[in-house]
Each structure stands twice: as C-alpha cells, then as structure tokens.
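The lines below spell out each chain.
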Amino acid sequence: MKRKLILILLASLVVSSQPAVVFAAETEEKVQNETEGVSDQQELPEADIFHVDFTDGTADISPLGSGEGEAVGSPEIEENEELHKKTAYFDGNSAYAYSISSDRLEKISENVTMECMVKFNSIPENGEKDIFSMQEYSGIGIGVNRGKLTFFAYVDGKFREVTAPIRADQWYHITGVVEGTQVKLYVNGVRQSSDNDAESPGITYPSSDRARSIVLGGDSDDYAAAENMAEGEISFAKIYSAP
C-alpha cells in the first residue's frame, strides 16, 4: 500500500533524540491536521469492513457493520486528556468482540488494511498481547510479541510477522497492510518493516464461527470471547478492503 495516512509523524521527531516511531503529538486532532512530513502513504478511503471510533460509542459503524461489540470483562470508555476525546481502556482482562461474516472476509481475502490509534500501557518482554486482532490459528492482527509491535498476517499458508520497536505509555498510529504477497507495517505514517517472502497471495481466516471475531483489546479464541488481552487504550480501529 502506498496510500498517505491521515496521521503523520511530526517533523520535529525526526531530528529529535527519540526514535522516529515515537508518537509525541499532544492531540489526535493535531496530528490528523498535519499534512507535511515523512509519510510515504496516501490517504485511506472509507473503512468499509470495520470501523469503531470510541468517540461515537462501541458500535461498528462501517457500511457492513455488525453493531455493538460483546464486552469481555469490564472495558472502560472514558475521556482521554491527551487526545481530548473518548477512548477505550483495557486492563489486560477486558475486550470488545465483534462477529464478522464470511461475506466480509471474502472482500479481504487477498488485500487488507488494518489501521488503529493505540497506546500499550505495558509491553511484556516475552509472550504475545494483542490489541486489535482476529488470528485463531490464522487471520490478521496487531499486538506486541517478544517486546515489539507486531503485525501478524496469515498469507500463503503461514503467519508473516512484521515488527517495529515501540514504548509503553505512548500513543501510536499503526497500519498493517497485506497487498497480495506483501505484508507491511507502518507506524505514524512511516514504513517500518515488510515481508515479501510469500509466493502466492491469499489470506486465511479462522474457520469457526466463535473465532471469526474482531477483538479490540485482545485476540479471538475458539473457546472464549477473547484471549491474549493487552493492557492499553484504543482511540479507533478500522479495516479496509483497499490496500
């Protein structure tokens, strides 16, 4: 995908002592209005597969939306002082799960874009914690794994994992892209890593109805509504059929 993201890394961060991936804008609006910078992507179209913005509540408001998510544990919706808008807080034992139909999955069988604005309040050095995911033995997801931000995509018969370093307690704009055989990860509009090893296009998704859910705050599971739940916050989460 070569589409320019709405959220652009502030130019001052590039020359600062911090890593370029650190998102240090004071508000989401400030970064959304930033149109000059280092992004190598273009503006994304409407999120046609999935769209939750916690300013508007917990419902999936995409054209194919599945309505309100199923609450797992006790996620909290509260006003965020950094972004000046409502966000969802997850304590590591809570999530929202949204069922997704096979018709929607067919639209993202070869190309897909996952986009979210998130903050991990803790990043474990070992193990996997997911924040926006549907990957029970297959599928796609965004989380942290072995201390790094990771975009997972099951392409051409195996999981492809592209990673980037991040810090706890920082807001990041994250985009994971599958475009045919290419899997790419962008952080704050800048490509961080890619995987071009797949020989054939094709994304495999979970087969069971229970696991075929998009989970915010964790990952889908065959036996429960969510697993691998993260401690963090989400402003919005979107999935597009366009790469």
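Scroll up for the structure.
Residues numbered from 1 in each chain as written. Predicted model: local features only at pLDDT ≥ 70, side-chain atom pairs only at ≥ 80, totals over all residues. Heavy atoms only, no water.

J.: Looking at this structure, I do not really get the overall build of the protein chain. What am I missing?
T.: Along its length, the protein chain carries three helices and 17 strands. Taking as baseline every contact in the protein chain between residues at least 6 positions apart, the subset at least 24 positions apart corresponds to 67%. On the protein chain, roughly 10,100 Å² of surface is accessible, and the fraction owed to carbon and sulfur atoms is 41%. (Helix = DSSP H or I, 4+ residues; strand = E, 2+ residues; numbered from the N terminus. Contact = heavy atoms within 4.5 Å. Areas by Shrake-Rupley, 256 points an atom, 1.4 Å probe, with all protein chains shown as cover.)

J.: I tried to follow the packing of aromatic side chains on my own but got confused; where do I start?
T.: Two aromatic rings are characterised by how far apart their centres lie and by the angle between their planes. All chains considered together, the criterion is met by five aromatic pairs. Ring centres 6.1 Å apart and planes at 80° place the aromatic pair F90 and Y96 in the edge-to-face group. An aromatic cluster of three or more residues is present, and its members are F50, Y98 and F132. Over the face of the ring belonging to F236 we find K238, whose NZ or CZ atom lies 5.0 Å from the ring centre. (Phe/Tyr/Trp six-rings, centres within 6.5 Å; stacked < 30°, edge-to-face > 60°. Lys NZ or Arg CZ within 6 Å of the ring centre and 35° of its normal.)

J.: Sorry if this is basic, but what is going on with the pattern of salt bridges here?
T.: If the charged atoms of two oppositely charged side chains come close together, the side chains can form a pair. Applying the stated criterion to the full structure yields eight salt bridges. In this structure, E179 and K184 form a salt bridge, with 2.9 Å as the shortest nitrogen-oxygen distance. Looking at K184, the relative accessible area reads 0%, which means it is buried. The structure contains a network of salt bridges with shared partners spanning E82, K119 and E233. (Salt bridge = Lys/Arg side-chain N within 4 Å of Asp/Glu carboxyl O. Buried < 20%, exposed > 50% of the residue type's maximum accessible area, 1.4 Å probe, protein only.)

J.: Explanation requested: the nonpolar core in the structure shown.
T.: A general trend in soluble globular proteins is that nonpolar side chains are found buried together. F132, F151 and L216 are the most contacted members of the largest nonpolar core, which totals 45 residues. Per element, the largest residue contribution to this core is five residues, and it comes from strand β8 (residues 111–120). Counting residues in each nonpolar core, the second largest holds seven residues, with A97, V215, A225 and A226 among its members. (Core = buried A, V, L, I, M, F, W, Y, C linked by side-chain atoms within 4.5 Å.)

J.: What is the right way to read unusual backbone geometry from this model?
T.: Glycine aside, the phi torsion of most residues is negative, and most peptide linkages are trans. Although it is not a glycine, D169 adopts a positive phi angle of roughly 65°. Checked against the element boundaries, D169 lands in the loop between β12 (158–164) and β13 (171–179). One non-glycine residue, N228, adopts positive backbone phi at about 50°. Relative to the assigned elements, N228 resides in the loop between β16 (213–216) and β17 (231–240).

J.: How should the sheet that holds β12 be read in this particular structure?
T.: The strands making up a sheet associate through backbone hydrogen bonding, with each pair oriented either parallel or antiparallel. One open sheet holds the seven strands; their spatial order is β4-β7-β16-β9-β10-β11-β12, and the pairing between them is antiparallel. A strand with exactly one partner marks an edge of an open sheet, and here the two such strands are β4 (70–72) and β12. If you compare each strand with its neighbour and ignore which way they point, the axes differ by 30° on average. In this structure, strand β10 (residues 140–145) lies alongside strand β11 (residues 148–155), joined through six bridges in antiparallel fashion. Across the sheet, I140 pairs through a bridge with A153, a residue of β11. (Pairing = 2+ DSSP bridges. Axes fitted to C-alpha atoms, helices over the stretch in contact; angles between N-to-C directions.)

J.: Explain the environment of T150 here, please?
T.: Following the sequence through the fold, T150 ends up in strand β11. Residue T150 is classed as buried on the basis of its relative accessible area, which comes to 1%. A sequence separation of 20 residues divides T150 from D130, and the C-alpha atoms of the two residues are 9.0 Å apart. Apart from the residues within four sequence positions on either side, T150 is in contact with G141, I142, G143, V144, N145, E161, V162 and T163. Engagement of the side chain of T150 in a polar contact is seen with the backbone oxygen of K148, the distance being 3.2 Å. (Polar contact = N/O pair within 3.5 Å; in protein donor to acceptor, adjacent residues only side chain to side chain.)

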